[in-house]
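Residue-level listing of the chains:
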Amino acid sequence: MIGYITLGTNDIGRAAAFYDALLADVGARRQIDLEDFITWGASPKHPALSIVKPYNGEAATPGNGNMVALVMKTREQVQAVHKKALELGGKDEGAPGPRGDSGFYAAYFRDLDGHKLNAFCMGG
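Residues numbered from 1 in each chain as written. Predicted model: local features only at pLDDT ≥ 70, side-chain atom pairs only at ≥ 80, totals over all residues. Heavy atoms only, no water.

**Side note on the pattern of salt bridges**
For the record, the criterion: Salt-bridge detection follows one rule: a side-chain nitrogen of Lys or Arg within 4 Å of a carboxyl oxygen of Asp or Glu. In this text, helices come from DSSP runs of H or I with a minimum length of four residues, and strands from runs of E with a minimum of two, each type numbered from the N-terminal end.
The full count for this structure, using the stated rule, is five salt bridges. For Asp20, the salt bridge is made with Arg30, and the minimal N-O distance between the two is 2.7 Å. One end of the pair, Asp20, is in helix H1 (residues 12-24); the other, Arg30, is in strand S2 (residues 29-34), and 10 residues separate them in sequence. Linking Glu93 and Arg110 is a salt bridge whose minimum nitrogen-to-oxygen distance equals 3.1 Å. Taken together, the residues span a long stretch of sequence, with Glu93 in strand S6 (residues 91-98) and Arg110 in strand S7 (residues 104-110) at a distance of 17 residues. Among the charged side chains, a network of salt bridges with common partners joins Asp20, Arg30 and Asp33.

And the structure:
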């Protein structure tokens, strides 16, 4: 049902460089590349992640309680994405590890604009 998620940014160039580097190793590439709107995805048939400068011209701010979860194939990918996010200047919000006993394995971080993201896999 979800086509894409959009995150606001105040610096499209900086955010684009962050997501180019972060998503490259998991097979996501730019699908739409406009001056104020960029979308990354692995396939047009699957949900994508976008960044945008707010249309109303006001500052972009992260939402309290909002989070984008990025599905990974393996625990190693979860660990690699989390590590890459921190190397790129993101902030740690929870080290890679199991959450509960359901097979949910996740790591949490914030991007350069303060948006909370999660890289996760089930089992793996």
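**Looking at the environment of Pro62**
Definition in use: Residues are treated as being in contact if the distance between any of their heavy atoms lies within 4.5 Å.
Note that Pro62 resides in the loop between strand S4 (48-52) and strand S5 (68-71). Taking the C-alpha atoms as reference, Pro62 lies 24 Å from Ala42; in sequence the two are 20 residues apart. Leave out the neighbours within four places in its chain, and Pro62 touches Asp113, Gly114 and His115.

**With respect to the packing of aromatic side chains**
Put simply, the rule reads: Stacked, tilted and edge-to-face pairs are distinguished by plane angle, under 30 degrees for stacked and over 60 for edge-to-face with tilted covering the rest, among Phe, Tyr and Trp rings (Trp via its six-membered ring) whose centres lie within 6.5 Å. Burial classification: accessible surface area is computed with a 1.4 Å probe over protein chains only, and a residue below 20% of its type maximum counts as buried, one above 50% as exposed, and the rest as partly exposed.
Overall, the coordinates contain four aromatic pairs when judged by the stated rule. Summarising the aromatic geometry, the rings of Phe18 and Tyr19 are spaced 5.0 Å apart at their centres and angled 85 degrees between planes, so their arrangement reads as edge-to-face. For the residue pair Phe18 and Tyr19, the accessibility class agrees, reading buried in each case. Put simply, the rings of Phe18, Tyr19 and Trp40 touch in pairs and so form one group of aromatic residues.

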